[in-house]
Structure formats: C-alpha cells, structure tokens
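Take a look at the letters that make up each chain.
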Amino acid sequence: MLETRHHWLPVAMAIYLPVSCFITYSIAVGNGNVEPGFPYISDTGTIPPESCVFGQLMNIGAVLGGIIIYIRYRHIQLHCEQTPGTQGMIRLNTAAYVIGILTVFGVSVVGNFQETNVIVVHLLGATLAFVVGFVYFVLQTIISFKVAALDFKIPGNTVNTRRVRVLLIVLDFIFLLLTGIFAQLSRSKGPGQGIPSRKWSEDNPGYSEHLVATISEWLVAFVSVIYFSTFYPEFKHFRVRPPKVEYYPDTTGNVMPTSTEQIPARPDRQTKYQTFTETNYV
C-alpha cells in the first residue's frame, strides 16, 4: 500500500482534520458545552467527553502530518543529492523538516493539554501548530521555487502549484494576524466576569470581535491542511518502499533467513549482513 498509495496522504490530511474538528464541535454543541456558531477550535475539545475524542483525533492527525512531512523531506533530499552544489538547499530542506515536526508536535499538544487545565502548555502547542506551521509553509514555498531551477526537475512542481502555495501562505498570514488582533480586542471587552470563551454569546460584550477571531482561526486551520494537499501532484510521481531488515552475523547457530542480495557489513565487521527486503527511494 505504501508503495502505490502514499500520494493520497496529503488529500486524506486535508479531509481528516476538518472532519475531526466538526466531530468534536458536534459533540460539544450537542452536550451544551459550547455556544453554537464559531467557538475556538480548542473550545470544542475542552470538556469531557469531547476532550477525549479531540485529543485522540489530533494525535492521529499529528502522526499523519508527520508521515507527509518526512516523505516530503526525503523527496526533496533525493533531488538535491542528484544535483551538485546544492548544500544550501539540503540545509534548507533539513530546517524545514525539523520545523514541520515541531508543527505536528504542536497539534498533538493542543489536543492533549486543554486550555482549562494547562493554559501555558496549550498556548505553546497552538503557537507551534499555527505560527511555526506558517514558517514551515513559507519554507516549503521557497523550496518549491528553488528546486524548479535544478537540473533534476520535480514532476508536478508546476507554475500553478507554486502560485497556489504563495496564495495560501498569504491567506494564512492574514488570518493569523486577524486571529491574534481580534482575540486581544474581544478579551478587552468581554465576555464578562466568570463567563468562559466557549460560552461567549451575542448577548455578551465583544462578541463581534470574538467572532472575527474564531472564524479566522478556523480558516487558518483549513488553509493549513489545504497547503498539505498541494503535495499531491508531486507525490504521485514517485514511490516509497518499506524499510529493510538486516541481521547481524548470527552467533547462536540458528539458520538465518537469506536473500539474493548481500549488503556489505559496516567497516568494523568482517562478514556481511543478510538482507530481507530491498529498499530504495525512487
């Protein structure tokens, strides 16, 4: 499956996370734990049982995102290794990979540390997921333009794909700004003493500003997963093979599985590994 279907992972990501948010939203509204409309995404996963569902769904989404980020890293790395004089690109790709992993780690933190329990950690996770995530998308957009100039071209990295990525990071930046600015404006006005943000209604002061902030946050999340889906045209042109298993030389007298391919041992060993399966990135 991994060899032929991995190109659907970005599309699955673009569908999975919005559906996950709507699931927890429906549960929270049905239980009367949030006001209908546009609460903050985190508000839909604050109170049990939706907090349990939210945390699990975010963990799965973080793993899915991590797989996509790793495949993207290895894909760009392959093209850089085939082209002389791309050390700067390799470093940029590595930096993007690290930042991408921090992004999906933030998604997991947001899901598991509710704002009502550990607000500082929750806000740290939100910063990693949204702000650091924005940096990841910027770096991937830069990489898209840089690899277009390589001799070893990336199929699927078209002009339109790059234009869509530029548009998405511009929208992401605008919605991030709106979220931050109007979140502060709304909190300076309301919702009122002892009223949590998840219970903010149109009868409370600052509701208009609150609505702008929450809608912008939802749009940031949607733009982020749409950006991941832009990897689809590139992912469908290559395959990823499963990792291979190599045995150290057997010293117990057992008969070890053999293969038609023999891989040389490390320099400090005088024998050869026995290999189960072939592995390669194509």
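Procedures and definitions
Residues numbered from 1 in each chain as written. Predicted model: local features only at pLDDT ≥ 70, side-chain atom pairs only at ≥ 80, totals over all residues. Heavy atoms only, no water. Core = buried A, V, L, I, M, F, W, Y, C linked by side-chain atoms within 4.5 Å. Buried < 20%, exposed > 50% of the residue type's maximum accessible area, 1.4 Å probe, protein only. Helix = DSSP H or I, 4+ residues; strand = E, 2+ residues; numbered from the N terminus. 1 Å grid on protein atoms, 1.4 Å probe; cavity = no way out; pocket = protein on both sides within 12 Å on 5 of 7 lines; lining within 4 Å. Points joined across faces, edges and corners; volume = space filled by probe spheres on them. Nonpolar A, V, L, I, M, F, W, Y, C, P; charged D, E, K, R; others polar. Contact = heavy atoms within 4.5 Å. Salt bridge = Lys/Arg side-chain N within 4 Å of Asp/Glu carboxyl O.

(A) Local environment of the nonpolar core. Core analysis: the largest hydrophobic core is formed by 49 residues, its most contacted members being Ile68, Tyr136, Ile143, Val147, Phe228 and Phe231. Per-element accounting of this core gives the leading share, ten residues, to helix H3 (residues 50–81).

(B) Structural detail: the layout of surface pockets. Put simply, the largest pocket is a space of about 650 Å³. Taken together, 24 residues make up the lining of the largest pocket; nearest its centre are Tyr40, Leu123, Ala126, Ala183 and Glu217. If one sorts the elements of the lining of the largest pocket by residue count, helix H5 (residues 119–147) sits on top with seven residues. Within the lining of the largest pocket, the residues separate by chemical class into ten nonpolar, nine polar and five charged.

(C) Structural detail: the side chain of Asn157. Tracing the chain through its elements places Asn157 in the loop between H5 and helix H6 (159–189). Every residue in contact with Asn157, bar those within four places of it in the chain, is listed here: Ser144, Val147, Ala148, Arg162, Arg165 and Glu234.

(D) Up close: the pattern of salt bridges. Throughout the structure, instances matching the rule amount to three salt bridges. Measuring nitrogen to oxygen at the nearest pair gives 2.9 Å for the salt bridge that ties Glu234 to Arg72. Separated by 162 residues along the polypeptide, Glu234 in helix H8 (residues 232–235) and Arg72 in helix H3 bring together distant segments of the chain. By the burial criterion, Glu234 is buried, and Arg72 matches it. For Lys189, the salt bridge goes to Glu209, with nearest N and O atoms at 2.5 Å.

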